[in-house]
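Reading the structure
The lines below spell out each chain.
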Amino acid sequence: MQWQGRRESGNIEDRRGMGGMGVGLPVGGGVGGLVLLLLFSWLTGTNPLDLISTTSAPQDQSVGTTGVRDKDPQAQFIAVVLADNEDTWRDVFSKRRQAYMPPVLVLFDGATQSGCGVGRSEVGPFYCPADRKVYLDLSFFRELDQRFGAPGDFAQAYVVAHELGHHIQNLMGTTDRVRSNEDSVRVELQADCYAGVWGHYAAQRNVLEPGDAEEGLAAASAVGDDRLQEMSGRAVNPDSFTHGSSQQRMEWFTRGFRSGNVSDCDTFR
Ligand SMILES: [Zn+2]
């Protein structure tokens, strides 16, 4: 995918390097902030608790949307993918005469606080509907490459676009329709289809390179439930699928990719 020199989204909260201290801190400033606060209280004789009560902010405001702080290529790539998704969905929504509200993407390592509880990198990237943020530990992409055998930048872009697909569902009210395991599969496949819709628009912008679509398909296939179950040494059991089989995931991604049409992504029909 061609991405260098393109617009990076500013809707990124870069919590990397906070040493897991993004979890449950009362003041937004990390350990350093806390030490400074105590030092300040000690110097001025004020009660630190008074200061905390006036300066404390909800966790999700402690960092703010600063964009990528460390200008490493991996994070910059994600910021470009996010910007590309913003352009796509703004377009799609405006055609439907709706306003698009872009989500925030949180970069973290290890663990961090989310509106859906503590997010840990072991669970992989996820979207939290409560705070409308996508949580991503970049180490997942190493897993995707080495463990799941899906390398390439477009494979990573697909993962991000899939999570952003859950945001689209949140805006469209689809998330509320989930009542069973089967519904959960439908939601996941729809997010794959929405990732495909983004891919369609990216192709129209001429930013895809040969092999990109295949990389996306490989990633969709690699994270299918049947493949994950096989890899974990369990027998494949469709009843326990929560994301869909590799075949299904590839099919729905392709569907969105071909037409670029949101209405072709009705997995509930
Ligand atoms: Zn998902």
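Residues numbered from 1 in each chain as written. Predicted model: local features only at pLDDT ≥ 70, side-chain atom pairs only at ≥ 80, totals over all residues. Heavy atoms only, no water.

1. With respect to the overall build of the protein
Put simply, the rule is: Secondary structure elements follow DSSP: runs of H or I no shorter than four residues count as helices, runs of E no shorter than two count as strands, and numbering proceeds from the N terminus. Buried, partly exposed and exposed residues are distinguished by accessible area as a fraction of the type maximum, computed with a 1.4 Å probe on protein chains only: under 20%, between the cut-offs, and over 50%, respectively. Two residues form a contact once any of their heavy atoms are found within 4.5 Å. Only the protein chains shown count as cover for residues, with accessible areas throughout obtained via the Shrake-Rupley method and a probe of 1.4 Å.
Scanning the protein from N- to C-terminus turns up nine helices and six strands. Going through the 269 residues of the protein one by one, you find that 47% of them count as buried. Considering only residue pairs separated by 6 or more positions, the protein has 74% of its internal contacts joining residues 24 or more positions apart. As displayed, the protein offers around 12,900 Å² of accessible surface, 51% of which is attributable to carbon and sulfur atoms.

2. Quick look at the side chain of S246
Basically, it comes down to this: Two N or O atoms count as a polar contact when they lie within 3.5 Å, although within protein this holds only if one can serve as hydrogen donor and the other as acceptor, and sequence-adjacent residues are included solely when both atoms are side-chain atoms.
Secondary-structure assignment places S246 in helix 9 (residues 246-259). Looking at S246, its side chain comes within polar contact range of the main-chain oxygen of S221, at 2.6 Å. With sequence-adjacent residues up to four places away left out, S246 is seen in contact with S221, G224, D226 and R227.

3. Description of the coordination of the zinc ion
The condition that has to hold: Note that water is not among the atoms considered, so a metal site may appear incomplete; the donors listed are N, O and S atoms within 2.8 Å of the metal, with 3.2 Å applied to Na, K and Ca.
For the zinc ion, the full set of protein donor atoms is H162 (NE2), H166 (NE2) and E188 (OE), and the range of their distances to it is 1.9 to 2.1 Å. One chain supplies every donor for the zinc ion, spaced along it as H-x3-H-x21-E. In this pair, H166 sits in helix 5 (residues 153-172) while E188 sits in helix 6 (residues 181-204), placing the two residues 22 residues apart along the sequence. Owing to a relative accessible area of 11%, H166 belongs among the buried residues under this scheme.

4. As for the packing of helix 5 against helix 6
In plain terms, the rule: Only the stretch in contact is used when fitting a helix axis, every axis being a line fitted to C-alpha atoms; angles between N-to-C directions are given from 0 to 180 degrees. Crossing handedness: left-handed means the near helix sits turned counterclockwise from the far one by under a right angle, and right-handed means the same turn made clockwise. Each residue gets one of three labels, nonpolar for Ala, Val, Leu, Ile, Met, Phe, Trp, Tyr, Cys and Pro, charged for Asp, Glu, Lys and Arg, and polar for the others, Gly among them.
Two elements in contact, helix 5 and helix 6, have axes whose closest approach is 7 Å; the angle formed by their N-to-C orientations is 115°. Viewed along their axes, helix 5 and helix 6 form a crossing whose handedness is right-handed. Residue-level inspection shows F154, A157, Y158, A161, H162, G165, H166, I168, Q169 and M172 of helix 5 in contact with helix 6, the latter providing V187, E188, Q190, A191, D192, Y194, A195, W198 and G199. Looking at the contact of helix 5 with helix 6, its residues break down into 11 nonpolar, six polar and two charged.

5. Quick notes on helix 3 (residues 73-95)
Heads up, the condition is: Multiplying one less than the number of residues by 1.5 Å gives the expected span of a helix.
Taking 1.5 Å as the rise per residue, helix 3 with 23 residues should run 33 Å; its terminal C-alpha atoms sit 33 Å apart, in good agreement. Backbone geometry just downstream of helix 3 places R97 in the positive-phi region, at approximately 55°.

6. As for the state of the cysteines
Note the threshold: In what follows, a disulfide is any cysteine sulfur pair within 2.5 Å.
Counting across every chain of the model gives two disulfides. The disulfide bridge from C116 ends at C128, spanning 2.0 Å between sulfur atoms. Classification of the bridge connecting C116 and C128 rests on its S-S torsion, roughly 90°, and on that basis the disulfide is right-handed. One end of the pair, C116, is in the loop between strand 3 (111-114) and strand 4 (117-120); the other, C128, is in strand 5 (residues 126-128), and 12 residues separate them in sequence. Since its relative accessible area comes to 0%, C128 is described here as buried. There is a disulfide in this structure between C193 and C265, and the S-S distance comes to 2.0 Å. Measuring handedness by torsion sign, the sulfur bridge of C193 and C265 sits at about -70° and is left-handed. Of this pair, C193 sits in helix 6 while C265 sits in the segment after helix 9; the two residues are 72 residues apart in sequence, bridging distant segments of the chain. By relative accessible area, C265 is classed as buried at 0%.

7. Remarks on the side chain of S221
With respect to the element layout, S221 can be found in helix 7 (residues 212-222). When near neighbours in sequence (up to four residues on either side) are disregarded, S221 contacts R227, S246 and M250.

8. Considerations on the pairing of strand 2 (residues 104-107)
Here is the rule: Two strands form a pair only when DSSP identifies at least two bridges running between them.
Here strand 2 shows two buried faces, one formed by V104 and V106 and the other by L105 and L107. Looking at chain direction, strand 1 (residues 12-14) and strand 2 are connected through three bridges and run parallel. Paired with E13 across the strands is V106, a residue of strand 2.

9. Some points on unusual backbone geometry
One non-glycine residue, R97, lies in the positive phi region at around 55°. Topologically, R97 is positioned in the loop between helix 3 and strand 2. Taking the relative accessible area as the measure of exposure, R97 reaches 79% and is therefore exposed. At R132, a residue that is not glycine, the phi angle is positive and equals roughly 55°. Mapped onto the elements of the fold, R132 is located in the loop between strand 5 and strand 6 (133-136). A relative accessible area of 34% means that R132 is categorised as partly exposed.

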